[in-house]
Amino acid sequence: MATVPPGSDSSGLVEIMLDNQPVRLAPGTTMLQHLQHQGLIDPGQPNPVVLVSVNGRRASLHEAVHGEEHVRLIRLRDRKTHPTLQRTIIFIMAVAAEDLFPDRQLCVQFSYAGGVYCELLGGHPLSPDQIRALEERMHDLVSADLSLTPQHFGLRALLKMLQRNGKTDRFISAKYLRRESLLLNRMEGFDHLFYGRQLPSTGYVRAFRLVPDSPGFVLLSGLKGDPESLPSFAPQPKLLETQREYSDWARQIGVQDVGHMNEYIVDGRTSELVQIGEARHSRFFVEASKQVAAMPDDGKLILLAGPSSSGKTSSAKRLMVQLRVLGLRPYALSLDNYFVDREDTPRDAEGDYDFENLSALKVDLFNEHLRALLRGEAVHLPRYDFHSGTSSFSDTPTRLEVGQPLLVEGIHALNPRLSAAIDDDHKLRIYVSALCHMNIDNFSYIKTTDTRLFRRIVRDAQFRGYSASETLARWPKVRRGEEKHIFPFQNHADLFFNSGLTYELAVLKLWAEPRLAAVEPDDRNYGLARALIDMLSLILPMDAGQVPPTSLLREFIGGSGFDY
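Remember, predicted model here, so these are calculated numbers, not experimental data.

1. Remarks on the domain arrangement of the protein chain
- By the assigned domains, the protein chain splits into domain 1 (14-75), domain 2 (81-235) and domain 3 (239-557).
- Measuring from the centre of the C-alpha atoms in domain 2 to the corresponding centre in domain 3 gives 31 Å.
- Each partner contributes residues to the interface: domain 2 has 28 residues there, and domain 3 has 31 residues.
- Looking at the side of domain 2 facing domain 3, the largest losses of area belong to Phe110, Tyr176 and Arg178, adding up to 24% of the total buried there.
- Summed over the shared surface of domain 2 and domain 3, the number is 2 salt bridges.
- Where domain 2 meets domain 3, there are 12 residue pairs in polar contact (both at pLDDT 80 or more).
- Elements with a minimum of two residues in the side of domain 2 that touches domain 3: α2 (82-100), β6 (105-112), β7 (115-121), α5 (168-175) and β10 (193-195).
- No other element matches the 8 residues that β6 contributes to the side of domain 2 that touches domain 3.
- Taken together, the residues of the side of domain 2 that touches domain 3 break down into 16 nonpolar, 5 polar and 7 charged.

2. Quick look at the sheet that holds strand β3 (residues 49-54)
- Judged by pairing direction, the sheet is mixed, and its 5 strands sit side by side in the order β2-β1-β5-β3-β4 without closing on themselves. The open sheet has two edge strands, β2 (21-25) and β4 (57-59), and neither has a second partner. Between one strand axis and the next, the sheet turns through 35° on average, direction left out of account.
- Inspection of the sheet shows strand β1 (residues 14-18) paired to β2 by 5 bridges, in the antiparallel sense. Bridging from a neighbouring strand, isoleucine 16 pairs with valine 23 of β2.

3. Considerations on helix α3 (residues 128-143)
- The terminal C-alpha atoms of α3 lie 23 Å apart, and with 16 residues this matches the ideal 22 Å at 1.5 Å per residue to within 8%.
- For α3, the complete set of buried residues consists of Ile131, Leu134, Glu135, Met138, Leu141 and Val142. Down the axis of α3, the buried side of the element spans an arc of 115°, and every buried residue falls inside it. For α3, exposure combined with an orientation more than 90 degrees from the buried face picks out Asp129, Glu136 and Ser143.
- Next to the buried residues of α3 lie α2, β11 (208-213) and β12 (216-221).
- The first or second residue beyond α3 is aspartate 145, which carries a positive phi of 50°.

4. Here we look at the pattern of salt bridges
- Scanning all chains against the criterion turns up 32 salt bridges.
- A salt bridge links aspartate 99 to arginine 137, with the nearest nitrogen and oxygen atoms 2.8 Å apart. Remark: arginine 137 occurs in helix α3 and aspartate 99 occurs in helix α2; sequence separation between them is 38 residues.
- The exposure class assigned to aspartate 99 is partly exposed, which follows from its relative accessible area of 34%.

5. Overview of the packing of helix α8 (residues 270-293) against helix α9 (residues 312-325)
- It is the contact of α8 with α9, at a shortest axis distance of 9 Å, that shows an interaxial angle of 60°. Compared by their axis directions, α8 and α9 come out oblique. Crossing of α8 over α9 shows right-handed handedness. Contacts between α8 and α9 involve Glu278, His281, Ser282, Phe285, Val286, Ala288, Ser289 and Val292 from the former and Ser315, Arg318, Leu319, Gln322 and Leu323 from the latter.

6. Section: the sheet that holds strand β9 (residues 181-187)
- What the 3 strands build is an open sheet, ordered β8-β9-β10; its pairing is antiparallel. Two strands lie at the open edges of the sheet, namely β8 (148-154) and β10, each paired on one side alone. Strand-to-strand twist of the sheet, defined as the mean angle between neighbouring strand axes without regard to direction, takes the value 45°.
- Helix α4 (residues 155-164) contacts β8, β9 and β10 of the sheet and is inclined by roughly 105° relative to β8.

7. Focus: the side chain of serine 201
- Here serine 201 lies in the loop between β10 and β11.
- A polar side-chain atom of serine 201 sits 2.5 Å from a polar atom in the side chain of aspartate 145.
- Setting aside anything within four residues of it in sequence, one finds serine 201 in contact with Asp145, Leu146, Ser147 and Leu148.

8. Observations concerning the pairing of strand β18 (residues 427-433)
- With respect to burial, β18 is a largely interior element, 7 of its 7 residues being buried.
- Residue alternation in β18 divides its side chains into two sets, Lys427, Arg429, Tyr431 and Ser433 and Leu428, Ile430 and Val432, and both sets are buried.
- Relative to β18, strand β13 (residues 301-305) runs parallel, the two being bridged by 5 bridges. Of the residues in β18, the one forming a bridge with leucine 301 is lysine 427.
- Of the pairings in the sheet, the one linking β18 to strand β21 (residues 495-498) comprises 4 bridges and is parallel in character. Of the residues in β21, the one forming a bridge with valine 432 is phenylalanine 497.

9. A short note on a nonpolar patch on the surface
- A surface patch of nonpolar side chains, amounting to about 260 Å² of accessible area, comprises Val321, Val325 and Leu326.
- Of note, valine 321 is situated in helix α9.

10. A short note on the nonpolar core
- Membership of the largest hydrophobic core comes to 61 residues, with the highest contact counts inside it found for Phe454, Tyr503, Val507 and Leu516.
- The biggest single contributor to this core is helix α13 (residues 504-517), with 7 residues.
- When residues of this core are sorted by domain, at least three fall in each of domain 2 (81-235) and domain 3 (239-557).
- Setting aside residues up to four positions removed in sequence, leucine 516 forms contacts with Phe454, Ile457, Ala468, Leu472, Ala529, Leu532, Ile533 and Leu536.
- Counting 44 residues, the second-largest nonpolar core is a separate cluster that includes Ala305, Leu365, Ile422 and Ala493.

11. Considering the pairing of β9
- Two elements, β8 and β9, share 7 bridges in a ladder whose sense is antiparallel. When the sheet's bridge partners are listed, phenylalanine 153 is paired in β9 with leucine 182.
- In terms of strand pairing, β9 meets β10 through 3 bridges, oriented antiparallel. Across the sheet, residue leucine 184 finds its bridge partner in β10, namely tyrosine 195.
- Between the antiparallel neighbours β9 and β10 lie 5 residues, among them glycine 189 with a positive phi of about 90°.

12. Some details on the packing of aromatic side chains
- Following the criterion strictly, the structure yields 16 aromatic pairs and no others.
- Between phenylalanine 284 and phenylalanine 285, the aromatic rings sit 5.5 Å apart at their centres with planes inclined by 80°, giving edge-to-face as the arrangement.
- The exposure class of phenylalanine 285 is buried, given its relative accessible area of 3%.
- Ring centres 5.0 Å apart and planes at 85° place the aromatic pair tyrosine 338 and phenylalanine 366 in the edge-to-face group. Separated by 28 residues along the polypeptide, tyrosine 338 in the loop between β14 (331-334) and α10 (363-374) and phenylalanine 366 in helix α10 bring together distant segments of the chain.
- Here the aromatic cluster, defined as three or more aromatic residues joined through ring pairs, consists of Phe339, Tyr353, Phe355, Tyr384 and Phe386.
- For arginine 347, the ring lying beneath its charged end belongs to tyrosine 353, and the centroid distance is 4.1 Å.

Rules behind the numbers
- Residues numbered from 1 in each chain as written.
- Predicted model: local features only at pLDDT ≥ 70, side-chain atom pairs only at ≥ 80, totals over all residues.
- Heavy atoms only, no water.
- Domains from an automatic or database assignment.
- Contact = heavy atoms within 4.5 Å.
- Buried area = accessible area lost by both parts, 1.4 Å probe.
- Salt bridge = Lys/Arg side-chain N within 4 Å of Asp/Glu carboxyl O.
- Polar contact = N/O pair within 3.5 Å; in protein donor to acceptor, adjacent residues only side chain to side chain.
- Helix = DSSP H or I, 4+ residues; strand = E, 2+ residues; numbered from the N terminus.
- Nonpolar A, V, L, I, M, F, W, Y, C, P; charged D, E, K, R; others polar.
- Pairing = 2+ DSSP bridges.
- Axes fitted to C-alpha atoms, helices over the stretch in contact; angles between N-to-C directions.
- Expected span 1.5 Å × (residues − 1).
- Buried < 20%, exposed > 50% of the residue type's maximum accessible area, 1.4 Å probe, protein only.
- Arc of directions from axis to C-beta.
- Parallel < 35°, antiparallel > 145°, perpendicular 65-115°, else oblique.
- Left-handed = near helix turned anticlockwise from the far one by under 90°.
- Patch = residues over 30% accessible without salt bridge, like charges linked within 9 Å, V, L, I, M, F, W, Y side chains within 5 Å.
- Areas by Shrake-Rupley, 256 points an atom, 1.4 Å probe, with all protein chains shown as cover.
- Core = buried A, V, L, I, M, F, W, Y, C linked by side-chain atoms within 4.5 Å.
- Phe/Tyr/Trp six-rings, centres within 6.5 Å; stacked < 30°, edge-to-face > 60°.
- Lys NZ or Arg CZ within 6 Å of the ring centre and 35° of its normal.

Have a look at this one:
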């Protein structure tokens, strides 16, 4: 069926493929106009259309077509809708906060405990009653079903408007954009401008909740694929303390968002930024090594775990160096040598070997060896042959000296079953992750999982021969493994190490952008690749030569002083 503007005839129509069916439209017709003409726009439907995929790239319904596009309708219950749904709820929250607390500044900071951690800056923490009032105002905005409309702004005009309205932080962020225009969204009846793709209107939001977690609160939004249901909230005090400490520190040194980081780069102060970030990492290893030294001499077991591309290996090497400074001689025990024979390896739901399953390891043998090594007994350690898929035992026994630290690094290191034979008094458990989120503005941020993905894209290309498309294709499975095997045990950690570096995206982009640009338009990961490129375009590049050889970042870009 063709959508023709009033007063037009059917000549000059263009053809697109809509859900694999040919449709003829007037050039420049938005998908919202077409779907309204078809009677398909209704937030009251159980599973309404809310987005489209145009040639593999997710877009709002305001996307105009000009011919030959392949368009797929995306509905509210599609898992891919979740980031846009969450962004819309944050937009609603920002408007509600401005209404209720006009003299305060809402800051949406980072992902946490199944939601998003937020604070209202410029005063005392909100009381539970104030948080409830904010949530009620948000429900009012949802009930009003206010349209969310994108508007193009020329960069010069936008900068003048932000400067005129006293939006200093947003002015700094926009100032360094390398584009002549920017698409921002406006809510019907309000002057607020919001960055990032939105749902068609506020009425499409199904569920959300604000949970007090002083000094801020956590926004919970509908689950992926189930927007009416909310995730359970389980506070994680150590994780929150680590992430808040980084946010406060970044604000203190003047790098609270991409705009301020770009100012460091433009002002030629990148060496200062690198030195501060690296010194912050060094401080952690000094403090952790002192804790190891203070442990009982009859057993010092260091267990170090973290998700993919968190920098576990470099963290272990940095810690071992610092322990040597204190006169200790740490011994690293590799979990890779404790794999069961390949024929005994469990398989996942897809029938592939599941090497990330704890059952893929000889847990009983590992515990036996831990106990013996910490007692100072001689142990013939196994060596796993990845070519044959079998293991054999070393002819030469290994024996630890009294007080010699034993370090184990791996995704299961914090799982209590892996070291059940050792008393907790003899363990130091360290959780490593790149908890270095980067705010785009006060309401949007680059997630720490995105930072880890950039690291993995670069490392896979540099050292493993994988294309960006291959890395992107594997990432969902990697994330599922983390959710199952790593995150449930992070609260067991005695120490949290934030392995993120404030400046790292400005370096990683030098390698990541060309790899992502190589993803072909007909590749199923093309849309994600373009979204990641757009993200990196917000950040100016910096000279990678300033990164020291001992930096954790060298594990991913190369040139490390450590052997891997």
